[in-house]
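Tertiary structure, described
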Amino acid sequence: MSEIKHNTHSTDTQGRFDLHKTVVLVGMMGAGKTAVGRALAARLGVPFLDSDAEIESAANMTIPEIFERDGEPFFRTKESQVIGRLLDEQKGILSTGGGAFLQPENRRIIAEKGAAVWLRADLNVLWNRVRHKDTRPLLRTDDPYATLKSLYEARVPVYAEADLTVDSDGETSIENMVGRVVDALLARPDVLELK
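Residues numbered from 1 in each chain as written. Predicted model: local features only at pLDDT ≥ 70, side-chain atom pairs only at ≥ 80, totals over all residues. Heavy atoms only, no water.

Within the chain, the regular secondary structure consists of eight helices and seven strands. Counting over 195 residues, the chain shows a buried share of 48%. Considering only contacts within the chain whose residues lie at least 6 apart along the sequence, 76% involve residues at least 24 apart. Only carbon and sulfur atoms are counted for the fraction: they give 48% of the accessible area of the chain, which is about 9500 Å². (Helix = DSSP H or I, 4+ residues; strand = E, 2+ residues; numbered from the N terminus. Buried < 20%, exposed > 50% of the residue type's maximum accessible area, 1.4 Å probe, protein only. Contact = heavy atoms within 4.5 Å. Areas by Shrake-Rupley, 256 points an atom, 1.4 Å probe, with all protein chains shown as cover.)

And the structure:
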């Protein structure tokens, strides 16, 4: 398993929580799924899993390279396989790529075996976070802002189907975002409880 996916941090809160289902972080690129996911896993004392990192590790290629060589449909098939396997293997925090939750099969398996948390950020927050990065294959267009806006408008109604929504405003620290997610999860004792 790749070093990126697993979190071995321990904190003073580790052991205080009982996680009953894998928490699957969904949302747009730049919403903070990986950063918040790592910190959330550390706070809860559970493994951090990243579907994109797992795909890259298995393919020995980056996501942009997979998109370029094999196309998006191939990538989405592999992504679904990886998400299904990770949900079967162990309970933890799973960060997914921005397009993963759009696939009906992924939504079904996440609902069955985990709980989806949408990290909701507005378009300007997302643009400020992704505009200087070249690691987003879907934004390799003549007008990346227009592309991001189009993706955002198409995806928001689907992300709204997540079990829980936590706002990511671009001003809040990662630790405070983790606190927001924990508070939301504790409202669902079927997902997370204090010991």
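Read on for the rest.
This brings us to the pairing of strand β5 (residues 114–120). Buried residues dominate β5, accounting for six of its seven residues. Pairing analysis gives five bridges linking strand β2 (residues 22–26) to β5, with the strands arranged parallel. Considered in β5, the bridge of Val26 is made with Trp118. (Pairing = 2+ DSSP bridges.)

Quick look at the pattern of salt bridges now. A complete count under the given rule lists 16 salt bridges for this structure. Between Asp70 and Arg69 there is a salt bridge; the shortest N-O distance is 2.8 Å. Using a relative accessible area of 28% as the deciding quantity, one classes Asp70 as partly exposed. The salt bridge involving Asp88 is made with Lys113; its shortest N-O contact spans 2.4 Å. (Salt bridge = Lys/Arg side-chain N within 4 Å of Asp/Glu carboxyl O.)

Below, the discussion takes up the confidence of the model for the chain. Put simply, the chain has an average pLDDT of 88, and 89% of its residues get 70 or more. Segment residues 1–12: pLDDT under 50, and 26 contacts once partners within four positions in sequence are set aside and those in other chains are kept. (pLDDT = per-residue confidence, 0-100.)

Turning next to the nonpolar core. Ranked by internal contacts, the top residues of the largest apolar core, which has 60 residues, are Ile93, Val117, Leu148 and Leu185. It is helix α8 (residues 174–186) that provides the largest number of residues to this core, a total of six residues. When sequence neighbours within four positions are dropped, the list of residues in contact with Leu148 reads Met28, Met29, Leu123, Leu126, Trp127, Val130 and Leu139. (Core = buried A, V, L, I, M, F, W, Y, C linked by side-chain atoms within 4.5 Å.)

Sheet architecture is open: five strands sit in the order β3-β4-β2-β5-β6, paired in parallel fashion. Strand pairing shows two members of the sheet lacking a second neighbour, β3 (48–50) and β6 (164–167), which therefore form its edges. On average, each strand axis in the sheet is tilted by 25° relative to the strand beside it, whichever way the strands run. Strand direction decides the pairing type here: β3 and strand β4 (residues 93–95), joined by three bridges, are parallel. Bridge pairing links Phe48 to Ile93 in β4. Across the face of the sheet, helix α4 (residues 72–89) comes into contact with β2, β3 and β4 while running at roughly 170° to β4. (Axes fitted to C-alpha atoms, helices over the stretch in contact; angles between N-to-C directions.)

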